[in-house]
Amino acid sequence: MKAIIVDDEKHVRDAIKLLVRWGDFGIDQVLEAQDGLDAVRQIEEHRPQLIFTDMMMPVKSGMELMEWLQSQYPSGKTIVISGHDEFELVRHAVQYGGIDYILKPIDHEQLAAAVEKAVSAIRREESERRLQQARNIEMNQLKPVYWDKILSNLLTEPKLYSQHAKALDAEFGLGPSVKECRIAILSLDTMSLSFKDKFMADYELLFFSLTNICNELLSARASGGPRQGIAYRYWNSDSEAILLLYGGLDQTPALLERIREGIRDTFRSCFDIGVSRVHPFPEGLAAAYLEARQVLRRRNLLIREKRTLIAGPGASAPGSRQLSFTDYADPIRLSVQSGSEEQIRRAVAAWFADVRKLDYIDMEQLEHWWHEYNVVRSRWLAELFEGDGLRGEEEHNAPFVVPLDEEGFLSLDRWEQQLVRSLSELSRLLLSHQRQDSNVIFEIAKFIQNHYHQDITLQEIANHFYLSREYISRKFKQEFHVNLSDYISGIRIDKAKLLLLNPNLRISQIAAMVGYDDEKYFSKVFKKTVGVSPNEYRKVNQP
């Protein structure tokens, strides 16, 4: 903090310098001036927060200095130190913001109290100023978000306009005099990869930058007349910036070309823009948005240039829907089952060979193919994994992301590579899953061989291996070509045959040893399996 002592008498200046304990108040620089004119010069240069001044000085008096301070430097706090106690001088000091009026000779305690009072006022105002600055910064950050959300809601609920009409008029000139509008959508779904990478970590900054450029060109300053529109982030979409146009609508194409040039000059990148026809405001906002979005979705993505597409006569027509991914699904499915990446590559190439023959592909067509792919993929999972599900398989019902080249244009080559990679990974997961299935079935068979003498059931096996009874039965039959119950019986009968060779073991003992509590039931099962009773088998096979 700085202070300045203004007095034409040097001994007074020296006395003040000695009497005040400057360090206690955080004052680290004390300036001196011998009259009001010298004080003005130094105050303008050094901006001291605390001013001590005499009232009666040559050249420029203290009274004149205080008048100047109030008009030119009101943040400074002034303490008057004077040898005159005239009422007019005191009144003048109070009128022009003096903190205190101290008479000479200077009283040490009175001076310290005045300095304490002035420094407290300086610190309090500085704290309030910092708080207000913080609030202003916060408001400036929140204000664009607030308006973005209000304007976004208007596109789906135009009736909300009446609630915000006065504020919109004051902020953007979007008042009752506005009767018509157009909506332009700046589409980010086909921005160049370098541009996307630049803002990948901060999409907020991307929208802030784009809308700032657009709003600068839509402002009254740029048009030389009324504001022509508002640019804002559309909160219902991650890939759209909206331009609500309501001034000079007959000049929309030229305006949008200036905006495209501004973006290109700033970012070295271009975007497609979809534009609605003129609609009534505000009731036509929803229809205008849908119209602008539709013209974007139906643009031909095979055209390698970024364009402004305006709805109406001559706007792009929808592409053909005759080519269906489903017609190519069976060969692709077989290639996945084969486990051969080369087979997968050939099957996918056959599909893309016909895709490349098309002269028109739009966003609707791409999303239609993506939907078809997800449907057949789900069917494949159900069939290939036989209802058990694919553990670890990611969900593929996410929105379609256009496969782009470096410049932001549709790349069928990249899409083909992505599809081959996805299907190859699916094939590897399938083979791994099949191996796991085989392994677990053999583990079950080993479990049965070690526990055949116990009363094991299918439910107990299912609980032990955390699998369903139906799954175990189906997979076991596929692997061993015999029902699980017959497999258990076969092991028990084979073990019984060996035990029957021992003449010292009774039939009831052998039955219990191989898992049968009922001797008669054991004999019945043995005869059905072997063709003779246990006793007959023992007689025939005695050494």
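Since the structure is predicted, the reported quantities are computational estimates derived from the model, not experimental observations. (Residues numbered from 1 in each chain as written. Predicted model: local features only at pLDDT ≥ 70, side-chain atom pairs only at ≥ 80, totals over all residues. Heavy atoms only, no water.)

J.: Sorry if this is basic, but what is going on with unusual backbone geometry here?
T.: Only a minority of non-glycine residues have a phi that is not negative, and only a minority of peptide bonds are not trans. Residue proline 105 is reached from lysine 104 by a cis peptide bond, and omega for that bond is -5 degrees. Here proline 105 lies in the loop between β5 (98–103) and α5 (108–156). The phi dihedral of arginine 268 is positive, around 55 degrees, even though this residue is not glycine. Position of arginine 268 relative to the elements: it lies in the loop between α10 (252–267) and β9 (272–275). Judged by its relative accessible area of 68%, arginine 268 falls in the exposed class. For histidine 481, which is not a glycine, the phi torsion comes out positive at approximately 60 degrees. Assignment of secondary structure puts histidine 481 in the loop between α17 (469–480) and α18 (484–500). Using a relative accessible area of 66% as the deciding quantity, one classes histidine 481 as exposed. (Helix = DSSP H or I, 4+ residues; strand = E, 2+ residues; numbered from the N terminus. Buried < 20%, exposed > 50% of the residue type's maximum accessible area, 1.4 Å probe, protein only.)

J.: Sorry, what's going on with the sheet that holds strand β3 (residues 50–53) here?
T.: Across a sheet, strands are paired by hydrogen bonds formed along the backbone, either parallel or antiparallel in direction. Across the sheet, which stays open at both edges, the five strands sit in the order β2-β1-β3-β4-β5 with parallel pairing between neighbours. Taken across any chain shown, the strands that pair with only one partner, and hence form the sheet edges, are β2 (29–33) and β5. Each neighbouring strand pair of the sheet contributes to a mean axis angle of 15 degrees, computed without reference to strand direction. The sheet contact formed by strand β1 (residues 2–6) and β2 spans five bridges and is parallel. Its bridge partner lying in β2, valine 6 is registered against alanine 33. Across the sheet, helix α1 (residues 10–19) lies against β1, β2, β3 and β4 (77–82), angled at about 165 degrees from β2, the strand it touches most. (Pairing = 2+ DSSP bridges. Axes fitted to C-alpha atoms, helices over the stretch in contact; angles between N-to-C directions. Contact = heavy atoms within 4.5 Å.)

J.: What exactly am I supposed to notice about a negative patch on the surface here?
T.: Among the surface-exposed residues, Asp455, Glu460, Asp517, Asp518 and Glu519 lie close enough to one another that they form a single negatively charged patch. Here aspartate 455 shows up in the loop between α15 (412–451) and α16 (458–465). (Patch = residues over 30% accessible without salt bridge, like charges linked within 9 Å, V, L, I, M, F, W, Y side chains within 5 Å. Areas by Shrake-Rupley, 256 points an atom, 1.4 Å probe, with all protein chains shown as cover. Salt bridge = Lys/Arg side-chain N within 4 Å of Asp/Glu carboxyl O. Lys, Arg positive; Asp, Glu negative; His and termini not counted. Charge placed at Lys NZ, Arg CZ, Asp CG, Glu CD.)

J.: Sorry, what's going on with the pairing of strand β6 (residues 180–187) here?
T.: If a strand is regular, its side chains alternate between the two faces of the sheet. For β6, a buried count of seven out of eight residues is recorded, marking the element as mostly surrounded by other parts of the structure. Where β6 and strand β10 (residues 279–280) come together, two bridges link them in antiparallel fashion. Within the sheet, the bridge partner assigned to glutamate 180 lies in β10 and is proline 280. When β6 meets strand β8 (residues 240–245), the two strands line up antiparallel, connected through six bridges. Across the sheet, isoleucine 183 pairs through a bridge with leucine 244, a residue of β8. Looking at chain direction, β6 and β9 are connected through four bridges and run antiparallel. Residue leucine 186 lies in a different strand from β9, and its bridge partner there is isoleucine 273.

J.: What should I look at first to understand the packing of α16 against α17 in this one?
T.: How two helices pack is summed up by the angle between their axes together with the distance between the axes. It is the contact of α16 with α17, at a shortest axis distance of 9 Å, that shows an interaxial angle of 100 degrees. Relative to α17, the element α16 lies roughly perpendicular. Here α16 contributes Leu458, Gln459, Ile461 and Ala462 to the contact with α17, which in turn contributes Arg469, Ile472 and Ser473. Residues that form the contact of α16 with α17 fall into these classes: four nonpolar, two polar and one charged. (Parallel < 35°, antiparallel > 145°, perpendicular 65-115°, else oblique. Nonpolar A, V, L, I, M, F, W, Y, C, P; charged D, E, K, R; others polar.)

J.: So what exactly am I meant to see when it comes to α18 here?
T.: Helical geometry: 3.6 residues make up each α-helical turn, so side chains three or four residues apart lie on a common side. The end-to-end C-alpha separation of α18 is 24 Å, in line with the 24 Å expected for 17 residues at 1.5 Å each. Regarding α18, the residues found buried are Leu484, Tyr487, Ile488, Ile491, Arg492, Ile493, Ala496 and Leu500. (Expected span 1.5 Å × (residues − 1).)

J.: Looking at this structure, I do not really get the environment of arginine 469. What am I missing?
T.: Summarising the element assignment, arginine 469 is placed in helix α17. The class of arginine 469 is partly exposed, set by a relative accessible area of 42%. For the pair arginine 469 and glutamine 459, spaced 10 residues apart in sequence, the C-alpha to C-alpha distance is 6.3 Å.

J.: Before we go on, may I ask you to explain the environment of isoleucine 507 in this structure?
T.: Relative to the elements of secondary structure, isoleucine 507 occurs in helix α19 (residues 507–513). C-alpha separation for the pair isoleucine 507 and asparagine 535, spaced 28 residues apart in sequence, amounts to 7.8 Å. In this view, isoleucine 507 contacts Leu500, Glu519, Phe522, Ser523, Pro534, Asn535 and Arg538; residues no more than four positions away in its chain are not counted.

J.: Got a minute to help me understand the pattern of salt bridges in this structure?
T.: Evaluation of the coordinates by the stated rule reveals 31 salt bridges. Ionic pairing is found between aspartate 14 and lysine 10, a salt bridge with its closest N-O pair at 3.0 Å. Of this pair, aspartate 14 and lysine 10 both sit in helix α1, four residues apart, which is roughly one turn of that helix. For the salt bridge of glutamate 204 with arginine 233, the shortest nitrogen-to-oxygen distance reads 2.8 Å. On the criterion of sequence distance, the pair formed by glutamate 204 in helix α8 (residues 203–218) and arginine 233 in strand β7 (residues 229–233) is long-range, its members being 29 residues apart. One connected set of salt bridges, linked through shared partners, spans Asp7, Glu9, Asp54 and Lys104.

J.: Would you explain the side chain of serine 219 in this entry?
T.: Considering the arrangement of structural elements, one finds serine 219 in the loop between α8 and α9 (220–223). Within polar-contact distance, the side chain of serine 219 engages the backbone oxygen of glutamate 216 at 2.8 Å. (Polar contact = N/O pair within 3.5 Å; in protein donor to acceptor, adjacent residues only side chain to side chain.)

J.: I keep staring at the nonpolar core and nothing clicks. Help me out?
T.: A general tendency of soluble globular proteins is for nonpolar side chains to be buried together. In terms of nonpolar packing, the biggest core is built from 33 residues, with Phe325, Trp351, Val355, Leu366, Trp369, Leu419 and Leu423 touching the most fellow members. Elements that contribute at least two residues to this core include exactly α12 (329–338), α13 (341–355), α14 (363–384) and α15. Tryptophan 369 has contacts with Leu323, Ser324, Phe325, Trp351, Val355, Leu358, Ile361 and Trp415, leaving out every residue within four places of it along the chain. (Core = buried A, V, L, I, M, F, W, Y, C linked by side-chain atoms within 4.5 Å.)

Take it as geometry only, folks, not as evidence of what the structure does.
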